[in-house]
Amino acid sequence: MEKKLYGLTKGTELEKMITAAANAEANGTKQYYALARMAREQQLPEEVSNTLEQMADQESNHAGFYAMLNGTYPEDIYGIMEKAAKGEYAAEKVLAPLAEALRALGSEEGAKQVEEFIRQEIHHGELLEQLIKKYRK
């Protein structure tokens, strides 16, 4: 019988290596998404930004896999989702001042992007609540 992947490397000699890999992948996610945005801002060919975004998507998936191997998060999926929903709903309170600060720096585009993120974060909270309501037993 195949062993579960969740927590497989926790407490083993691989745990530190897996943690480092997860952190590297998470940093790669940030790096490639930032490069994709920079490529668009610099009006590079769309292939450049699209490829970088695809790489970022893959890196985030890799980071999640490694985190699962180490059992980084508790197995209580719905409990974690509940906490995450609360954080997502707090986005406006936390990020609205950032949008205003970007406006004060003269970047309406940056402010509008953060405001879009606020809407997305709140929607994430809604999605999480819908999933919990639909599937939690």
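Position numbers for residues start from 1 in each chain and track the written sequence from start to end. Selection of residues for local features in this predicted model requires a pLDDT of at least 70, selection of side-chain atom pairs for listing and counting requires 80 or more, and totals for whole chains, interfaces and linings are taken over all residues. Think of the side-chain values as coming from all heavy atoms in the structure, minus any hydrogens and water.

A word on the overall build of the protein
To be explicit about the condition: Runs of H or I in DSSP of at least four residues are treated as helices and runs of E of at least two as strands, each being numbered from the N terminus. The globule rule used here is 2.2 Å times the number of residues to the 0.38 power, and the radius of gyration it is set against is calculated over C-alpha atoms. Buried residues are those whose accessible area, probed at 1.4 Å on protein chains only, stays under 20% of the maximum for their type, while exposed residues exceed 50% and partly exposed ones sit between those limits. Contacts were defined at the residue level, with two residues in contact if any of their heavy atoms lie within 4.5 Å. What sets the accessible areas is the Shrake-Rupley method with a 1.4 Å probe; for residues, cover comes only from the shown protein chains. Positive: Lys, Arg. Negative: Asp, Glu. His and the chain ends are not part of the count. A single reference atom marks each charge: NZ on Lys, CZ on Arg, CG on Asp, CD on Glu.
A count of helical and extended segments in the protein gives 5 helices and 0 strands. Ordered by position in the sequence, the α and β elements of the protein form the string α-α-α-α-α. Its C-alpha radius of gyration of 18 Å places the protein more than 25% over the 14 Å reference for a compact globule of 137 residues. Seen through its C-alpha atoms, the protein measures out along the principal axes to roughly 55 × 35 × 25 Å. Every one of the 137 residues in the protein was classed for burial, and the buried ones make up 23%. Of all intrachain contacts in the protein linking residues separated by at least 6 positions in sequence, the fraction that spans at least 24 positions is 68%. In the form shown here, the protein has an accessible surface area of approximately 10,200 Å², with 57% of it arising from carbon and sulfur atoms. In the protein, the 17 positive side-chain charges and the 23 negative ones have mean positions that sit 8 Å from each other.

Here we look at the environment of L69
Its place among the elements puts L69 in helix α2 (residues 46-69). Given the relative accessible area of 7%, L69 is considered buried. Distance in space between the C-alpha atoms of L69 and L5 is 5.5 Å, their sequence separation being 64 residues. With sequence-adjacent residues up to four places away left out, L69 is seen in contact with L5, Y6, G7, L8, T9, K10 and I18.

Describing the UniProt feature "domain: Ferritin-like diiron" (unreviewed entry) in the protein
What counts here: UniProt positions are given in the numbering used here, feature names are shortened, and annotations may be inferred rather than shown by experiment.
Here, the residues flagged by UniProt with the feature "domain: Ferritin-like diiron" (unreviewed entry) are residues 8-137. Helix makes up 82% of residues 8-137 and strand 0%, and the two end C-alpha atoms of the span are 26 Å apart.

Describing the layout of surface pockets
To find leftover empty space, a probe the size of one water molecule is rolled over the atoms. Note the following rule: Using only the protein atoms, space was sampled on a 1 Å grid; points where a 1.4 Å probe fits but cannot get out form cavities, open sets with protein on both sides within 12 Å along at least five of seven lines form pockets, and lining residues are those with an atom within 4 Å of a point. Grid points are joined across faces, edges and corners, and a volume is the space filled by probe spheres set on the points. Each residue gets one of three labels, nonpolar for Ala, Val, Leu, Ile, Met, Phe, Trp, Tyr, Cys and Pro, charged for Asp, Glu, Lys and Arg, and polar for the others, Gly among them. Delimitation of the domains relies on an automatic or database domain assignment.
Of the pockets and cavities examined, the largest pocket occupies roughly 350 Å³. Every residue along the wall of the largest pocket is listed here: R37, M38, R40, E41, S107, E109, G110, Q113, V114 and F117. Mapped by element, the contributors of at least two residues to the lining of the largest pocket are α1 (15-41) and α5 (108-135). Tallied by class, the residues present in the lining of the largest pocket amount to 3 nonpolar, 3 polar and 4 charged. When we break the lining of the largest pocket down by domain, the ones giving at least three residues each are domain 1 (1-73) and domain 2 (75-136).

A look at the environment of E129
With respect to the helices, strands and loops of the structure, E129 is situated in helix α5. Each C-alpha atom of the pair E129 and G7 lies 26 Å from the other, and the pair is 122 residues apart in sequence. Not counting residues within four places of it along the chain, the set of residues in contact with E129 comprises A85 and Y89.

Remarks on α2
Which entries qualify depends on this criterion: Helix span, expected: 1.5 Å multiplied by one less than the number of residues in the helix.
With 24 residues, α2 extends 35 Å from end C-alpha to end C-alpha; this agrees with the ideal 34 Å at 1.5 Å per step. For α2, the complete set of buried residues consists of S49, L52, A56, E59, A63, A67 and L69. Looking at the packing, one finds that the buried side of α2 touches α1. One or two residues past the end of α2 sits G71, with phi positive at roughly 60 degrees.

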